[in-house]
Amino acid sequence: ATFTGCDGGAFVRVEGDVEVAGDGDCVCSVGGNLAGWGDLPVLTEVGGDLGVSGSVLAPQLLTLGGALTVEAGDEVRLPRLQSAASVGVSAPGLTLLDLHDLEDVLGDVRVEGNPVLSQVDLSRLAELGGTLAITDNLSLQVVLGEGYAMRHIGGDLLLQRNPMWVGFYGFGLLESIGGDVIVSEQDRFAVINGFTAVATVGGDLRIADNASLAVLE
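Note that the coordinates shown come from a computational prediction; the quantities given were computed from them, not determined experimentally.

Draft legend 1. Representation of the packing of aromatic side chains within the structure. Taken as a whole, this structure holds 2 aromatic pairs when the rule is applied. With centroids separated by 5.4 Å and ring planes inclined at 5°, the aromatic side chains of Phe-171 and Phe-195 adopt a geometry described as stacked. Taken as a pair, Phe-171 in the loop between strand S20 (157-160) and strand S21 (176-177) and Phe-195 in the loop between strand S23 (191-192) and strand S24 (200-201) lie far apart in primary sequence, 24 residues in all.

This is the structure:
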């Protein structure tokens, strides 16, 4: 159903799918999929997927049963979201992605092809069933947390072609990676200092074509 706006200030719980365009002030729970954009100040849970087609602020959203997909918008702020089935972010105008409390993802986390994205917050991401890919983000300067909370990655770890990302000191508690580790074409990586707890890499390890890399620890 298309959500046409709040009336009278009462909170609304929707068992099915919802489409929001701007005004979702009273939506507190969605049982199905949620698509759209806008401020969602009382939203706490989405049972299905969350498809973002514009800027979103949902400061109380805790649980997402399905996938988070971001395809448009300037800023996506979901600072209290703790879990999702997967995360895919590829939006030409996105400048900020706040997933500060995200801890567990069953599938992939892919932040790929965001030309003006300058900051990503994955500070508490600890358990990832699939691949972590941060690739082809031309303006990315900061990945808050730099993977320090992460313990296990079930798939690949791909850090590629983020030319403005200056330094890397992360993943200090990461113990295992099920697939490949590829760090390549990171032109400003002068130092890679991390991965001190890694005991197992299930696939290939490739650190290459990083023009400024002088120290690898």
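Draft legend 2. Looking closely at empty space enclosed by the protein. The full count for this structure, using the stated rule, is 2 cavities of 30 Å³ or more. Space inside the largest cavity adds up to approximately 80 Å³. Lining the largest cavity, in full, are Leu-122, Leu-125, Leu-132, Ile-134, Val-143, Glu-146, Gly-147, Met-150, Trp-165, Phe-168 and Phe-171. Class assignment for the residues of the lining of the largest cavity results in 9 nonpolar, 1 polar and 1 charged. Reported here for the second largest cavity is a volume of approximately 40 Å³. Lining of the second largest cavity is provided by Val-20, Leu-34, Ala-35, Gly-36, Trp-37, Gly-38, Leu-40, Leu-50, Gly-51, Val-52 and Val-56. Breaking the lining of the second largest cavity down by element, the ones donating at least two residues are strand S4 (34-39) and strand S6 (50-57).

Draft legend 3. Structural context of the environment of Ala-149. Within the fold, Ala-149 resides in the loop between strand S18 (142-144) and strand S19 (152-153). In contact with Ala-149, not counting residues within four places along its chain, are Ser-123, Arg-124, Leu-125 and Ala-126.

Draft legend 4. Local environment of unusual backbone geometry. Positioned with a positive phi, Asp-136 is a non-glycine residue whose angle comes to about 60°. According to the relative accessible area criterion, Asp-136 is partly exposed, its value standing at 31%. Unlike most non-glycine residues, Glu-185 shows phi in positive territory, near 55°. The topology assignment puts Glu-185 in the loop between strand S22 (181-184) and S23. Judged by relative accessible area, which is 35%, Glu-185 ranks as partly exposed.

Draft legend 5. Examining the pairing of S22 more closely. Side chains of S22 alternate between two faces, with Val-181 and Val-183 and Ile-182 and Ser-184 buried alike. Pairing analysis gives 4 bridges linking S20 to S22, with the strands arranged parallel. Residue pairing in the sheet places Leu-157 in a bridge with Val-181 of S22. Note: S22 against strand S25 (residues 205-208), 4 bridges, orientation parallel. Among the inter-strand pairings, Ser-184 is bridged to a residue of S25, identified as Ala-208.

Rules used in this analysis
Residues numbered from 1 in each chain as written. Predicted model: local features only at pLDDT ≥ 70, side-chain atom pairs only at ≥ 80, totals over all residues. Heavy atoms only, no water. Phe/Tyr/Trp six-rings, centres within 6.5 Å; stacked < 30°, edge-to-face > 60°. Helix = DSSP H or I, 4+ residues; strand = E, 2+ residues; numbered from the N terminus. 1 Å grid on protein atoms, 1.4 Å probe; cavity = no way out; pocket = protein on both sides within 12 Å on 5 of 7 lines; lining within 4 Å. Points joined across faces, edges and corners; volume = space filled by probe spheres on them. Nonpolar A, V, L, I, M, F, W, Y, C, P; charged D, E, K, R; others polar. Contact = heavy atoms within 4.5 Å. Buried < 20%, exposed > 50% of the residue type's maximum accessible area, 1.4 Å probe, protein only. Pairing = 2+ DSSP bridges.

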